[in-house]
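Survey of secondary and tertiary structure
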Amino acid sequence: MATDIKDTAHAVDAASVMRLLPARPRLLALGEPTHGEDTLLALRNELFRQLVEQEGYRTIAIESDCVMGLLVDDHITSGTGTLDEVMRHGFSHGWGGSAANRELVHWMRAYNDGRSAPDRLHFAGFDGPLEITAAASPRQALTALHDYLAAWVDADLLPCTAETLNHLLGTDDRWTNPAAMTDPDQSVGQSAEARELRLLANDLVALLDEQMPHLLAATTREDWDRARLYGRTASGLLRYHRWMADTSPARMTRLVGVRDQMMADNLLAVAARGPALVYAHNSHLQREKSTMRMGGMQLEWWSAGAVVSAQLGEEYAFVATALGTIRHQGVDTPPPDTVEGLLYGLPEDRSLIDTRRLTTTLGDTHPTPRVSPWFGYAPLDPAHLANSDALLFVKDVQRS
């Protein structure tokens, strides 16, 4: 079988990826099974450069705050702010401290220098302004949407004033209270003010859509797109806070589901602008339901990738990543009866695996699911092989 498995492996480059796909995707999603490893991010950077230079891709979207990501895009496209400022304020989840992410931003800015607007590269965060322990106040997104509309639409058409929004929002610490994650009674998400804000957010987004012809003539498509992003984010955050205040058994499932739906909405907006590379955890990009154990509960929900794949069909492609070892985290050589163990015998340090051919090669052999000794690494589920368009295998992840 080792010889057969070797025949499923290809060089890791953009051309090889494209040859394995049924069609040229609008969104090419590259997953990772663990966060924070610059070895994987550097490989992502190289693939993105090849996609830009060989395939005409112009956008990369990563698992980071979508509103903060606007700072990165401004820097890349127009030079706004310094690289240090952008890395400090343009990324969530600590991603700004990554040397590989810094190199990505630096390269994209250099690439754009002197190029016309249609040929410039773009950056997008596609996560909501969420952390595992708390969610942001909807203030920034909601007020930015209102400000845009107030500047260009007759005041009589607005559902409320800026002062009304400010009064209903109150202080931001009401929204960001970390105690609300474990105690729904600490959340303001089902207060009378929050319910009113959800209605107003819906009205503001509806007005934005109704006035699209006028707004596109008065401003720019980029301005309108950003206002739409603010609207999606405000509505999503208010929905998330509503479920933080919920006391039913569905609470945690709805929270993770709302987050991935926010991701999916952002990815569909990215797809509307042209082909993009998407980079995030495998669990957010896979076509199967995602699972996670949290607070003693087993959660299941549809990932952003599953939602987007259902809408885009072959215009969405997913390449999962699997790893052999992360020795600095205690993840040693994989057992030989796992998918990772079977691939670990390949001679190359990294390989692009034809998953359809690998599935055929395995035949009636059913690899054992690998168990990780470290919570930060999620091994590949063998049952997911068939629904991945390809598999990127990295034998050994070195300490960053």
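Residues numbered from 1 in each chain as written. Predicted model: local features only at pLDDT ≥ 70, side-chain atom pairs only at ≥ 80, totals over all residues. Heavy atoms only, no water.

The name an unreviewed UniProt entry gives the protein chain is Erythromycin esterase, with Streptomyces purpureus as the organism.

1. A closer look at the overall build of the protein chain
The condition is simple: Starting at the N terminus, helices and strands are each numbered in turn, a helix being any DSSP run of H or I of at least four residues and a strand any DSSP run of E of at least two. We take the radius of gyration over the C-alpha atoms and set the globule estimate at 2.2 Å times the residue count to the 0.38 power. Only protein chains enter the accessibility calculation, which uses a 1.4 Å probe; a residue whose area is less than 20% of its type maximum is buried, one above 50% is exposed, and one in between is partly exposed. Every residue pair with non-hydrogen atoms within 4.5 Å of one another is taken to be in contact. Using a 1.4 Å probe, the Shrake-Rupley method yields the accessible areas, and only the shown protein chains count as cover for residues. Only four residue types enter the charge count: Lys and Arg as positive, Asp and Glu as negative, with His and the chain ends excluded. Lys charges are placed at NZ, Arg charges at CZ, Asp charges at CG and Glu charges at CD.
For the protein chain, the count of helices and strands is 17 helices and 10 strands. For the protein chain, whose C-alpha radius of gyration is 22 Å, the value lies close to the compact-globule estimate of 21 Å for 400 residues. Principal-axis analysis of the C-alpha atoms gives the protein chain an extent of 70 × 55 × 35 Å. With 400 residues in all, the protein chain has 53% of them scored as buried. Pairs at least 24 residues apart make up 77% of the contacts formed inside the protein chain by residues separated by at least 6 positions. Accessible area of the protein chain: about 17200 Å², with a carbon and sulfur share of 51%. Across the protein chain, the centroid of the 36 positively charged side chains sits 2 Å from that of the 53 negatively charged ones.

2. Let's talk about the layout of surface pockets
The condition that has to hold: The method works on a 1 Å grid over the protein atoms by themselves. A cavity is a set of points holding a 1.4 Å probe that cannot get out, a pocket is an open set with protein on both sides within 12 Å along at least five of seven lines, and residues with an atom within 4 Å of a point line them. Grid points are joined across faces, edges and corners, and a volume is the space filled by probe spheres set on the points. Note on residue classes: Ala, Val, Leu, Ile, Met, Phe, Trp, Tyr, Cys and Pro are nonpolar, Asp, Glu, Lys and Arg are charged, and everything else, Gly too, is polar.
Taken as a whole, the largest pocket encloses approximately 1300 Å³ of empty space. Lining the largest pocket we find 47 residues, and of these H281, S283, T291, M292 and A378 sit closest to its centre. Among the secondary structure elements, those contributing two or more residues to the lining of the largest pocket are α13 (251-273), α14 (282-285), β6 (289-294), β7 (297-302) and β8 (316-325). In terms of residue count, β6 provides more of the lining of the largest pocket than any other element does, 6 residues in total. When the residues that make up the lining of the largest pocket are grouped by side-chain class, the tally is 23 nonpolar, 15 polar and 9 charged. Put simply, the second largest pocket is a space of about 780 Å³. Taken together, 31 residues form the lining of the second largest pocket, with D73, H122, E222, D225 and R273 sitting closest to its centre. When contributions to the lining of the second largest pocket are tallied by element, the ones reaching two or more residues are α4 (69-78), β4 (122-127), α12 (221-244) and α13. For the lining of the second largest pocket, the element with the highest residue contribution is α12, accounting for 8 residues.

3. Overview of the packing of aromatic side chains
Each aromatic ring pair is characterised by the separation of its centres together with the angle its planes make. Rule in force here: Stacked, tilted and edge-to-face are the three classes assigned to paired rings of Phe, Tyr and Trp, where Trp is represented by its six-membered ring and a pair needs centres within 6.5 Å; plane angles under 30 degrees give stacked, over 60 edge-to-face, the rest tilted. In our convention, an over-ring charge means Lys NZ or Arg CZ found within 6 Å of a ring centre and within 35 degrees of that ring's normal.
Throughout the structure, instances matching the rule amount to 4 aromatic pairs. For the ring pair F48 and W107, a centre distance of 6.2 Å and an interplane angle of 80 degrees mean the geometry is edge-to-face. Placement of F48 in helix α3 (residues 38-55) and of W107 in helix α6 (residues 99-112) is noted, with a sequence separation of 59 residues between them. Pair check on accessibility: F48 and W107 agree, each one buried. Consider the rings of W107 and Y111, whose centres lie 5.4 Å apart with planes at 40 degrees: the pair is tilted. Here W107 and its partner Y111 are both found in helix α6, 4 residues apart, which amounts to about one turn of the helix. Judged by relative accessible area, which is 16%, W107 ranks as buried. Here a set of aromatic residues connected by ring pairs shows up, and it is made of F48, W107 and Y111. The ring of Y279 carries the charged tip of R44 above its face, separated from the ring centre by 5.2 Å. The lysine or arginine in question, R242, covers the ring of W243, its NZ or CZ lying 4.1 Å from the ring centre.

4. Let's talk about the sheet that holds strand β10 (residues 390-396)
Put simply, the rule is: In short, DSSP must find at least two bridges between two strands for them to pair.
Taken together, the 8 strands give an open sheet; going across it, the order is β1-β9-β10-β8-β2-β5-β3-β4, and neighbouring strands pair in mixed fashion. Looking at strand neighbours, the two that pair on one side only are β1 (9-10) and β4, the edges of this open sheet. For strand β3 (residues 59-65) and strand β5 (residues 276-281), the ladder comprises 4 bridges, and the chain directions are parallel. Opposite I60, over in β5, you have L277 as the bridge partner.

5. Considerations on the side chain of N45
Definition in use: Any pair of nitrogen or oxygen atoms within 3.5 Å is treated as a polar contact; in protein, a donor-acceptor pairing is required on top of that, and neighbouring residues in sequence qualify only through side-chain atoms on both sides.
By the secondary structure assignment, N45 is in helix α3. Residue classification places N45 among the buried positions, given a relative accessible area of 3%. One polar contact links the side chain of N45 to the main-chain carbonyl oxygen of A100, over a distance of 2.9 Å.

6. Section: the packing of helix α8 (residues 162-169) against helix α10 (residues 192-210)
Put simply, the rule is: Helix axes use the C-alpha atoms of the stretch in contact, all axes being lines fitted to C-alpha atoms, and the angles between their N-to-C directions lie in the range 0 to 180 degrees. Crossing chirality is assigned from the near helix's rotation relative to the far helix, an anticlockwise turn below a right angle marking it left-handed and a clockwise turn marking it right-handed.
As a packed pair, α8 and α10 sit with axes 9 Å apart at the nearest point and diverge in direction by 145 degrees. Classified by chirality, the crossing of α10 by α8 is left-handed. Contact with α8, carried on its side by L165, L168 and L169, involves E193, E196, L197 and L200 of α10 and no other residues of that element. For the contact of α8 with α10, a count of residues per class yields 5 nonpolar, no polar and 2 charged.

7. Quick notes on the nonpolar core
Basically, it comes down to this: Buried Ala, Val, Leu, Ile, Met, Phe, Trp, Tyr and Cys residues that are joined via side-chain atoms within 4.5 Å together make up what is termed a nonpolar core.
In terms of nonpolar packing, the biggest core is built from 47 residues, with L28, F48 and M108 touching the most fellow members. Per element, the largest residue contribution to this core is 7 residues, and it comes from α3. Here L28 is in contact with V17, M18, L21, L51, Y57, A276, L277, V278, A317 and V319, once residues within four sequence places are set aside. I5, V278, L285 and I353 belong to the second largest nonpolar core, which has 34 residues in total.

8. A look at the packing of α4 against α6
Each pair of packed helices can be described by the angle between their axes along with the distance between the axes. Interaxial distance between α4 and α6 falls to 7 Å at its minimum, and their mutual angle equals 40 degrees. In this structure, α4 uses V72, H75, I76, T77 and S78 to contact α6, whose residues at the interface are V105, M108, R109 and N112.

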